[in-house]
Amino acid sequence: ELAVQGNLLLLLQVFFRAAAGAEKEPPPPTRAGTVFLIAKTWIDQRLDEDIAVGDAARYCHVSESYLQKIFREVIGRAFSAYVREQRLERAAYLLRTTELSVKEIAVECGIPDQNYFARQFRRSHGTSPSAFRARHNS
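Thresholds, definitions, all that
- Every chain begins its residue count from 1, and numbering advances along the sequence as written.
- Reporting in this predicted model follows two pLDDT cut-offs: at least 70 for local features of residues, and 80 or more for side-chain atom pairs to be given and counted; totals over whole chains, interfaces and linings ignore these cut-offs and use all residues.
- Processing note: side-chain calculations cover all non-hydrogen atoms of the structure and skip hydrogens and water entirely.
- A run of H or I in DSSP becomes a helix once it reaches four residues, and a run of E becomes a strand once it reaches two; helices and strands are each numbered from the N terminus.
- Remark: exposure states derive from per-residue accessible area (1.4 Å probe, protein chains only) relative to the maximum for the residue type, with buried under 20%, exposed over 50%, and partly exposed in between.
- Note on contacts: a residue pair qualifies if any of its non-hydrogen atoms lie within 4.5 Å across the two residues.
- Only the protein chains shown count as covering a residue, and every accessible area follows the Shrake-Rupley method with a 1.4 Å probe.
- Take the number of residues in a helix, subtract one, and multiply by 1.5 Å to get its expected span.
- The directions considered for the arc run from the helix axis to the C-beta atoms.
- Any N or O atom pair separated by 3.5 Å or less is treated as a polar contact, with the protein-specific requirement of one donor-capable and one acceptor-capable atom, and with residues adjacent in sequence counted only for side-chain atom pairs.
- Working definition: rings of Phe, Tyr and Trp (its six-membered ring) pair if their centres are within 6.5 Å, and the pair is stacked with planes under 30 degrees apart, edge-to-face with planes over 60 apart, and tilted otherwise.
- Two conditions define a charge sitting above a ring: the NZ of Lys or the CZ of Arg must be within 6 Å of the ring centre, and it must be within 35 degrees of the ring normal.
- To define axes, lines are fitted to C-alpha atoms, for helices over the stretch in contact only, and angles between the resulting N-to-C directions are given on a 0 to 180 degree scale.
- Just so you know how the angles are binned, under 35 degrees is roughly parallel, over 145 roughly antiparallel, 65 to 115 roughly perpendicular, and the rest oblique.
- When residue character is reported, Ala, Val, Leu, Ile, Met, Phe, Trp, Tyr, Cys and Pro are called nonpolar, Asp, Glu, Lys and Arg charged, and the others, Gly included, polar.

1. What to know about the overall build of the chain
The helix and strand inventory of the chain stands at eight helices and zero strands. Written out in order from the N terminus, the α and β elements of the chain read α-α-α-α-α-α-α-α. The proportion of buried residues among the 138 residues of the chain is 36%. When contacts within the chain are restricted to residue pairs at least 6 apart in sequence, those whose partners lie at least 24 apart make up 58%. On the chain, roughly 8,600 Å² of surface is accessible, and the fraction owed to carbon and sulfur atoms is 53%.

As structure tokens, then:
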């Protein structure tokens with residue numbers, strides 16, 4: 001199942017590059033690239049849950065240290081930084097597109113402490129969640 005998911009993700013990546021007019025053929029998939037795509041998909045499906053590198057590593061059938069190394073090599077950031085960024089980007093999307101309260105969005109993004117969520121959002125987007133919503137919904 002893991003191999004099938006990885007191959008599907010890689011095929012989609014090749015398809016989208018071709019559709020976007022990429023001139024040259026992408027390099028052949030690497031094990032690290034495949035593991036990264038599988039882990040990324042696993043994370044993106046669980047942003048409202050507790051996400052631990054150990055759980056992701058077990059899902060990908062690799063060690064925690066190898067998964068951490070892959071994230072640093074592929075995107076230049078730690079696993080936890082990627083998770084935090086994805087949560088805050090999802091929060092920004094929900095603030096722009098829904099009428100959910102800030103508290104509901106915080107929970108939906110896996111950060112149930114509203115104060116901590118607001119601090120993290122401000123650090124990431126330079127403004128409070130409420131001000132962000134007001135600016136993007138006017």
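2. Some remarks on the environment of Glu49
Considering the arrangement of structural elements, one finds Glu49 in the loop between α2 (31-44) and α3 (53-60). Expressed as a C-alpha distance, the spacing of Glu49 and Gly110, which sit 61 residues apart in the sequence, is 5.3 Å.

3. Details of helix α7 (residues 114-125)
Here α7 is twelve residues long and its end C-alpha atoms lie 16 Å apart, about the 16 Å a rise of 1.5 Å per residue gives. Among all positions of α7, only Phe117, Gln120 and Phe121 are buried. Down the axis of α7, the buried set is contained in an arc of 100°. They therefore lie on one face. Facing away from the buried side of α7 by over 90 degrees, the exposed positions are Asn115 and Arg123. Two or three places before Asn115, at the opening of α7, Asp113 has a side-chain oxygen 3.0 Å from that residue's backbone nitrogen. Downstream of α7 by a residue or two, Gly126 has a phi angle that is positive, lying close to 75°.

4. Section: the packing of aromatic side chains
Applying the stated criterion across every chain, the model contains seven aromatic pairs. Seen from their ring centres, Phe36 and Phe71 are 5.1 Å apart, and the 65° between their planes marks the pair as edge-to-face. Highlighted residues: Phe36 in helix α2 and Phe71 in helix α4 (residues 64-75), separated in sequence by 35 residues. Accessibility expressed as a relative area gives 0% for Phe71, which makes it buried. Of the aromatic side chains, those joined through ring pairs into one cluster are Phe36, Phe71, Phe79 and Tyr82. Positioned above the aromatic ring of Tyr59, the side-chain terminus of Arg46 is 5.9 Å from the ring centre.

5. Focus on the packing of helix α5 (residues 79-97) against α7
At a closest axis distance of 10 Å, the pairing of α5 and α7 adopts a crossing angle of 90°. On the basis of the axis angle, α5 is roughly perpendicular to α7. Here Arg84, Leu88, Glu89, Ala91, Ala92 and Leu95 of α5 come into contact with α7, specifically with Phe117, Gln120, Phe121, Ser124 and His125. Here the residues of the contact of α5 with α7 are counted per class, giving six nonpolar, three polar and two charged.

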